[in-house]
Amino acid sequence: MKPSNSISRRSAIGGLGGALFSGGWLEAQQDPFRDHSRVPGMDELTTVQDFEGVAFAKMPREFFMYMAHGGEGEFTLRRNREAFDWVELVPKGVVDVSTVQTATEVLGTPMAFPIMTSPTAFHIQLHREAEAATYQGSMAASNTPYIISHNHSIALEKITPAANSPLWMQLYPQRNLDTTKAWIDAAGVAGVKTVVMTIDQQATFYERAIHQRHLVAQPVFRREGAAAPAAPAPAPAPAPGPRTYRVPDGRLWYNWQYAEQVKSMLKVPMVAKGVLTAEDAKLCLEHGFDAIYVSNHGGRSVDYGPSSLEVLPEIVDAVQGRVPVLLDSGVRSGSDILKALALGAKAVCIGRGCRWGLASYGPAGVQRVLEILQGELVMAMAQTGRPTLASIDRTLVKTNFR
Ligand SMILES: Cc1cc2nc3c(=O)[nH]c(=O)nc-3n(C[C@H](O)[C@H](O)[C@H](O)COP(=O)(O)O)c2cc1C
């Protein structure tokens, strides 16, 4: 007699068909943009930038574009990279590479290298384990502190079950103070050591993302003689309120009073992320922030704004050593990091670089990206004759910002 739980031939074939039709396998077969050229093994990549090409080959194009784009015409996105070219390194003898020391500390968080992982949203677009994979990769790279984005894609307890790490979290201001309070309480339970509040008025229109949406909406392959597809539905009329001005919900409303309210609820230090002028840096200190994070959101904030590197010196001068200054936006190599340190940053954060690593090879990719940067920084310090972080100062660079 046939056991009751056995699967019949018919249901097995049906199941296989269902799996093929509903799964990503068939979808991938139909994606005309997929690059079928050989994807290199991770050990074949030598620079952080190399990971971008692998991420492009492996990712759905829409997700790649979401990661790549800057605001509007992307001038600031390009400027973030160019600014590093406008800074020369001035070597002072050489030192034995084995003597180079890179350990530091920011707001009580010890770091083997002055490098952190920037907060970026929706890691589920990059890897099935999402932020848990980024956390794992960051920790594997000498416990690199990872700033978890407010827009993380999996539950906090799944990202860091042990909560014994140097955990930092980023907060997007929440108009409702009860919502803010609930967020702060959850961060406290997770053991967050520092809160990074993003104060750049990030509300930019992403032209590249819009073009991409139109591009993929087009049927790419149409059989000869097939009927033309129906015209796309007209765009809905903009809803009243900020969206009329292309401002996403929850942006372009916050103020210094909100910062003070958050500060009064926090038991841990609070960092202002997105500062681009000396004046704003001073105001941040007046309103209770404990550190300044110079950033233009990787070129996603105001287009035609300055690169982070260019404004770093004036901000460092303005805060006069009272609080640590962090920097991100455009950092891709160890010599980039050295330049930022020379201009006064206490540490730098890595946004897209870690995302490329995650999309390319999962946690191991994040780890490798960070380790490449760590190695390059040590080499750059040795080559320029600066064996310690304390020996890195402005005499190490000549700036030619245009
Ligand atoms: C895809 C993407 C998502 C981001 N999401 C956030 C976010 O959720 N919160 C935030 O404060 N910054 C976010 N950022 C900005 C990063 O924290 C960081 O400032 C930027 O990536 C640094 O520039 P880089 O990518 O050139 O290293 C995001 C950036 C990218 C590229």
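Nothing here was measured: the structure is a model prediction, and the numbers come from that model.

## Topic: the overall build of the chain
When you go through the chain residue by residue, the secondary structure sums to 15 helices and twelve strands. A burial count over the chain gives 39% of its 402 residues as buried. Of all intrachain contacts in the chain linking residues separated by at least 6 positions in sequence, the fraction that spans at least 24 positions is 72%.

## Side note on the site of the ligand
By nearness alone, 25 residues border the ligand, and Ala121, Ser149, Gly298, Gly351 and Arg352 come closest of all. When the residues that make up the shell around the ligand are grouped by side-chain class, the tally is six nonpolar, 15 polar and four charged.

## Some remarks on the pairing of strand E11 (residues 347-350)
Side-chain alternation along E11 places Ala347 and Cys349 on one buried face and Val348 and Ile350 on a second face that is also buried. Here strand E4 (residues 115-117) pairs with E11 via three bridges, running parallel. Residue pairing for E11: Thr117 is matched across the bridge by Ile350. Where strand E10 (residues 325-327) and E11 come together, two bridges link them in parallel fashion. Its bridge partner being in E11, Leu326 is matched across the sheet by Ala347.

## A few points about the pairing of strand E7 (residues 194-198)
For E7, the buried fraction is high: five of the five residues fall into the buried class. With burial as the criterion, each face of E7 is covered, one bearing Thr194, Val196 and Thr198 and the other bearing Val195 and Met197. Looking at chain direction, strand E6 (residues 168-171) and E7 are connected through four bridges and run parallel. Pairing of Trp168 across the sheet is with Thr194, part of E7. Since E6 and E7 lie parallel, the crossover through helix H8 (residues 177-190) that links them has a hand, and here it is right-handed.

## A few points about unusual backbone geometry
Here the phi dihedral of Leu107 falls at roughly 50°; this positive angle occurs in a residue that is not glycine. Mapped onto the elements of the fold, Leu107 is located in the loop between strand E2 (104-106) and strand E3 (109-111). Positive phi values are uncommon outside glycine, yet Ser142 reaches one of about 55°. As for its position among the elements, Ser142 is in the loop between helix H6 (130-140) and strand E5 (147-148).

## Here we look at the sheet that holds E6
Spatially, the eight strands line up as an open sheet ordered E4-E11-E10-E9-E8-E7-E6-E5, and their pairing is parallel. At either margin of the open sheet sits one strand with a lone partner, and together these are E4 and E5.

## Section: helix H15 (residues 363-383)
With 21 residues, H15 extends 30 Å between its outermost C-alpha atoms, agreeing within 8% with the 30 Å of an ideal straight helix rising 1.5 Å per residue. Phi turns positive one or two residues past the end of H15, at Gly385, with a value near 75°.

Cut-offs and rules
Residues numbered from 1 in each chain as written. Predicted model: local features only at pLDDT ≥ 70, side-chain atom pairs only at ≥ 80, totals over all residues. Helix = DSSP H or I, 4+ residues; strand = E, 2+ residues; numbered from the N terminus. Buried ≥ 20, exposed ≤ 12 C-beta atoms within 10 Å, placed from the backbone. Contact = placed C-beta atoms within 7 Å. Near = placed C-beta within 6 Å. Nonpolar A, V, L, I, M, F, W, Y, C, P; charged D, E, K, R; others polar. Pairing = 2+ DSSP bridges. Right-handed = clockwise from strand over helix to strand, strands pointing away. Expected span 1.5 Å × (residues − 1).

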